[in-house]
Amino acid sequence: MTFTRRHFLKASAAGFGVAVLSLGLTGCTLDDDEDVSTHVSFEHGVASGDPLADSLIIWTRVTPLDTATSSIKVKWQASTDANFDTISHDGETDVTAATDFTLKVDLQGLTANTTYYFRFISNGKTSPIGKGKTLPTGTIEQVKFAVVSCANYPAGFFHVYGEIAKQTDLDAVLHLGDYIYEYGNNGYATEDAALLGRLLPNDNSEEIISLTDYRKRYAHYRTDKDLQAAHGNCAFITVWDDHEITNDTWKNGAENHNEGEGDFTERKLHALQAYFEWMPIRNVADKERIYRRFEFGNLVSLHMLDTRVLARDEQLNYADFDLTSAQGQSDFAAAISSPSRALLGNEQLTWLTDGLSTATTQWQVLGQQVLMTKMHLPFEILQLLMSIQITQAGGNDPSELLAKANVLFSELAQIKGRILAGDPSVTAQERARVETTAPYNLDAWDGYAYEREVILGTAITAEKNLVVLAGDTHNAWAGQLVTDASNPFAASLTAGVEFATSSVSSPGLENYLALNSQSAETVAQMEQVIALLVNDLAYNNLVERGYLTVTFTEQQAHAEWQFVSSIKTASYTMLNDRKKAFTLKAGSTTLQSV
């Protein structure tokens, strides 16, 4: 038998981790023996992702209405016009239960900086039309990203995705992780799910562990119309964080992988298989190596990182150190800065630093999961926040501790203000209260300081314009990336800036500080206090859900945070009075508020 292009396309679709290659027009039509009696639907929409200058991943899932169906024939079409008057690519293949009836097609031989429309056809049904844009080459004027993370379905409505879907000038949507959450209906941030009609379905209502569990969770999330609209409007470039597997994942385990839940490696591989099946990401031979680079003409090199699965060492725990003693404090400082502690790992770190050093584009952008800005708080505050979290986790009333926290924040902010004003009456004891600090979150770069210093030192030495993008915390932040005094490359210098997006629906720090019930004036005061107490912090929004856009030109990077009024009601408005923007000039490391 002659091995035709159609046979090649069908063969390349077989098995986990393989996308169908579409090289152009095949002239194929749906076969005469198409089984129109097999009823199907495209209830999970379409998506595109991982754009390159000459290729684009397109995705769909065909849902068989008969659970006994073993194979479904699917055709795809791509065009440079929305009416499909001129089709550039087509083809067909079979999808099966082996990939959960998902299909990824890698459109090849595309034209740079061009929007392609695509659709799928199966058994008499046509999918919605999606679109995605290839990367530009040469000299270009602008690159614009929407940045998003942390979407918990039971926590509230996905209005943020709906707003992203309305944007008409995006080059890509960067999703920085926590696309799904692993918890069941009684887990994290689910208290309003029943009232909102956002409960997980009965057959997927517990914490997810098996491959079937993870597949069903993605399937349920992808029934959300706002999420479908965002995927259909623009190509996504994605990385995972922890909740695509389970909370606080590291390379050999996780905080939320407990006794009785089986082998962690098996669970992780189930999670990653479902991720590659359901996300419009280009497949790789090693499913744990998703770090990759995207070049946007002369303007932006986008380095997408994995800070979670590939090499991360287990998170440090404050309980393992006696921080009331000088020796314990010294041991803790040595631990967080140890060269042996990995977040990226040697292979990925070398790939990144080599890429930063040799890049010729104007902006070096890191798309990754966790905060890189030093989020060091006065130790007194850190202790009190930990007590509040423990009290809340135990189901007890934290009101007394919260009242103490408000007083302490105000008291230390006043001392910090006096220090900055050069007040000579500040005592050594007062100065120590403010300047004795520790990292708030050991799951972030603060718990893995050595690799951060290598990256920042590389950017300074190579004289690069560095912008880091982050998610994970559920709140919005902007910070300066400052090296440690001991950095051998460049001590105590600013290497770049970080812009961190708020969440789609997951609650943030305001949940622990009970800020949702406070006045706008109280919230604003707390935000100002935190920005004052954290040395490298320029901005924070502690209460609203939203997304971030970052626009790059030859002259500047412009970051703008947008927020929705509520995720707890079906109707909402945009909070224009809470919108915030910063500009960073090329060649500078100083943020300018706009």
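Higher on the page you've got the structure.
The following paragraphs examine the structure supplied in this document. Given the structure is predicted, the values throughout are model-derived calculations rather than measurements. (Residues numbered from 1 in each chain as written. Predicted model: local features only at pLDDT ≥ 70, side-chain atom pairs only at ≥ 80, totals over all residues. Heavy atoms only, no water.)

**A closer look at the pairing of strand β4 (residues 55-61)**
Across a regular strand the side chains alternate sides, sitting on one face of the sheet and then on the other. The buried fraction of β4 amounts to seven of the seven residues, a majority that puts the element mostly inside the structure. Side chains S55, I57, W59 and R61 of β4 all project onto a buried face; the interleaved residues L56, I58 and T60 project onto the opposite face, where all are buried too. As paired strands, strand β3 (residues 46-49) and β4 are joined by four bridges and run antiparallel to one another. Across the sheet, G49 pairs through a bridge with I57, a residue of β4. Where β3 folds back on β4, the antiparallel hairpin that results is connected by five residues, among which D50 adopts a positive phi of roughly 45°. Here seven bridges tie β4 to strand β8 (residues 102-108), and the two strands are oriented antiparallel to one another. Within β8, the residue paired with W59 across the bridge is K104. (Buried < 20%, exposed > 50% of the residue type's maximum accessible area, 1.4 Å probe, protein only. Helix = DSSP H or I, 4+ residues; strand = E, 2+ residues; numbered from the N terminus. Pairing = 2+ DSSP bridges.)

**Here we look at the sheet that holds strand β23 (residues 476-482)**
Spatially, the seven strands line up as an open sheet ordered β17-β18-β19-β22-β24-β23-β25, and their pairing is mixed. The outermost strands of the open sheet, each flanked by one partner alone, are β17 (292-296) and β25 (537-541). Averaged over all pairs of adjacent strands, the angle between their axes in this sheet comes to 20°, without regard to strand direction. Here strand β22 (residues 465-470) pairs with strand β24 (residues 494-500) via five bridges, running parallel. Counted as the bridge partner of V467 is V497 from β24. Here helix α8 (residues 346-358) sits on the sheet and contacts β17, β18 (300-304) and β19 (363-367); the angle it forms with β18, its principal contact strand, is near 175°. Contacts between helix α12 (residues 449-462) and the sheet are confined to β19, β22, β23 and β24, with β24 contributing the most and set at about 120° to the helix. (Axes fitted to C-alpha atoms, helices over the stretch in contact; angles between N-to-C directions. Contact = heavy atoms within 4.5 Å.)

**Some words on the layout of surface pockets**
Reported here for the largest pocket is a volume of approximately 1700 Å³. Considering the residues around the largest pocket, the lining is formed by 46 residues, among which D248, Q389, Y440, N441 and Y512 are closest to the centre. Mapped by element, the contributors of at least two residues to the lining of the largest pocket are α9 (379-393) and α13 (509-513). Sort the elements by how many residues they give to the lining of the largest pocket and α9 lands first, with seven residues. Looking at side-chain class alone, the lining of the largest pocket contains 25 nonpolar, 12 polar and nine charged residues. Size it by volume and the second largest pocket reaches roughly 480 Å³. Lining the second largest pocket are 27 residues, and of these E510, N516, V543, E544 and R545 lie nearest its centre. At the level of elements, α13 and α14 (520-533) are the ones that each hand at least two residues to the lining of the second largest pocket. Taken together, the residues that form the lining of the second largest pocket break down as 11 nonpolar, eight polar and eight charged. (1 Å grid on protein atoms, 1.4 Å probe; cavity = no way out; pocket = protein on both sides within 12 Å on 5 of 7 lines; lining within 4 Å. Points joined across faces, edges and corners; volume = space filled by probe spheres on them. Nonpolar A, V, L, I, M, F, W, Y, C, P; charged D, E, K, R; others polar.)

**Side note on the packing of aromatic side chains**
Applying the stated rule across the entire model yields 22 aromatic pairs. Centre to centre, the rings of F145 and F296 are 5.1 Å apart; their planes meet at 75°, and the pair counts as edge-to-face. Here the residue F145 occupies a position in strand β12 (residues 143-148), and F296 occupies one in strand β17, the gap between them amounting to 151 residues. Of the two residues examined, F145 and F296, each falls in the buried class. Their ring planes at 80° and their centres at 6.1 Å tell us that Y275 and F276 sit as a pair that is edge-to-face. This pair shows no difference in class: Y275 is buried, exactly as F276 is. Taken together, the ring pairs in this structure connect F145, F296, W363 and F552 into an aromatic cluster. (Phe/Tyr/Trp six-rings, centres within 6.5 Å; stacked < 30°, edge-to-face > 60°.)

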